[in-house]
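Residue-level structure breakdown
Chain residues, written in single-letter form:
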Amino acid sequence: MVYVMRKILLTLNRPGQLNAVTVQMVEEIIAAYRYFDTDESSDYNRIRTSILGGRATLAIHNCTKPTIMAINGPTVGFGIALALPATIRVACASSKISFSFSRRGLVLEACSSFFLPRLVGMSRALHLVTAGATYTMSDPLLSNLFSEVLPTPEETIASTLRIAGEIAKGTSTASMKVMRDLIVLMSHDGVEGVNSFIQKRDPEFKGTMSRNAPVGWPWWETVQVASNAKL
């Protein structure tokens, strides 16, 4: 049997309320990703949280299939947090982004404190969440957050579907999932290795497996392989 990865378009559908997220919508997102993640070897339940928003973002992150997220308008708070675990993010040039938690007396939610610094860097992440302001797509603080910025909503959706089609047609689901986890769960020495390469200097590896192993390592269960048989 040949398995062909499909493209599935999941759309938030409250246009009258600018897609403001409700509890029901979050539950439906979680249910949708359980459906998408048909690979029985998935580690969907490896990380658990009782917070509904966190469950939604982890469902996206832990899914064995890639998510290409299209943003076509104002995206604030939980809305932008929901986009962070996506594999690829594409946005319309007229969109506006705000991590407005500090202006509402709230804190970062839906695992955004984990994903945001890894996407834009610690300095920009702190700026975005401390100021809590609204930013246009041309703002340099958002420059690392989106792979493409398109002129119109129609072009944004078209580009998203094009990328999804290319991925579905010519890539391995298994290799994509493993590589994504390796990138997100980069070790201390992995960060130093990348920085030293960029800065054209010799790396100073100081990490140890006891102190600096990647988050989630080891991801396997120890199996006793020694034979008890006597010769």
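Residues numbered from 1 in each chain as written. Predicted model: local features only at pLDDT ≥ 70, side-chain atom pairs only at ≥ 80, totals over all residues. Heavy atoms only, no water.

Under an unreviewed UniProt entry, the name given to the chain is ClpP/crotonase-like domain-containing protein, and the source organism is Aspergillus bertholletiae. The UniProt entry for the chain carries the following comment under Sequence similarities (unreviewed entry): "Belongs to the enoyl-CoA hydratase/isomerase family." (UniProt positions renumbered as here; feature names shortened; annotations may be inferred.)

What follows concerns the sheet that holds strand β6 (residues 148-150). One open sheet accounts for 3 strands, arranged β1-β3-β6; its pairing is parallel. The open sheet is flanked by β1 (68-71) and β6, the only strands paired with a single partner. Between one strand axis and the next, the sheet turns by 20° as a mean value, whatever way the strands run. Judged from the 4 bridges that link them, β1 and strand β3 (residues 88-92) form a sheet pairing that is parallel. The residue of β3 that forms the bridge with Ala70 is Val90. (Pairing = 2+ DSSP bridges. Helix = DSSP H or I, 4+ residues; strand = E, 2+ residues; numbered from the N terminus. Axes fitted to C-alpha atoms, helices over the stretch in contact; angles between N-to-C directions.)

To describe a pair of aromatic rings, one takes the distance between the centres and the angle between the planes. Counted under the stated rule, the structure contains 1 aromatic pair. The ring of Phe114 is capped by Arg118, whose NZ or CZ atom sits 3.7 Å from the centre of that ring. (Phe/Tyr/Trp six-rings, centres within 6.5 Å; stacked < 30°, edge-to-face > 60°. Lys NZ or Arg CZ within 6 Å of the ring centre and 35° of its normal.)

As a further point, take unusual backbone geometry. Despite not being glycine, Cys111 shows a phi value in the positive range, around 65°. The exposure class of Cys111 is partly exposed, given its relative accessible area of 24%. Positioned with a positive phi, Lys200 is a non-glycine residue whose angle comes to about 55°. Classification of Lys200 as exposed rests on a relative accessible area of 79%. (Buried < 20%, exposed > 50% of the residue type's maximum accessible area, 1.4 Å probe, protein only.)

Turning our eyes to something else, we now look at helix α6 (residues 153-170). Taking 1.5 Å of rise per residue, 18 residues should cover 26 Å, and α6 covers 26 Å from first to last C-alpha, within 8% of that figure. Where α6 is concerned, the buried positions are Thr156, Ser159, Thr160, Ile163, Ala164, Ile167 and Ala168. Considered in projection along α6, the buried side chains sweep an arc of 165° and stay on one side of the axis. Turned more than 90 degrees away from the buried face of α6 sit Glu154, Lys169 and Gly170, all of them exposed. (Expected span 1.5 Å × (residues − 1). Arc of directions from axis to C-beta.)

With that settled, consider the pattern of salt bridges. Scanning all chains against the criterion turns up 2 salt bridges. The closest approach of N and O atoms between Arg162 and Glu148, which form a salt bridge, is 3.1 Å. Pair noted here: Arg162 is in helix α6 and Glu148 is in strand β6, with a separation of 14 residues, a long-range link. Exposure remark for Arg162: the relative accessible area of 39% places this residue in the partly exposed category. For Glu148, a relative accessible area of 25% corresponds to the partly exposed category. Here Glu166 and Arg162 are joined by a salt bridge, their closest N and O atoms 3.3 Å apart. Note that Glu166 and Arg162 are positioned in helix α6 at a spacing of 4 residues, about one turn of the helix. Through salt bridges with shared partners, a single network forms among Glu148, Arg162 and Glu166. (Salt bridge = Lys/Arg side-chain N within 4 Å of Asp/Glu carboxyl O.)

Let us now look at helix α5 (residues 122-131). Considered for burial, the residues of α5 that qualify are Ala125, Leu128 and Val129. The buried residues of α5 all sit within an arc of 85° when viewed along its axis, so they share a single face. Exposed residues on α5 whose side chains face more than 90 degrees from its buried face are Ser123 and Thr130. Those residues of α5 that are buried are in contact with α4 (112-120) and β5 (134-136). Gly132 occupies a position one or two residues after α5 and carries a positive phi of about 65°. (Contact = heavy atoms within 4.5 Å.)

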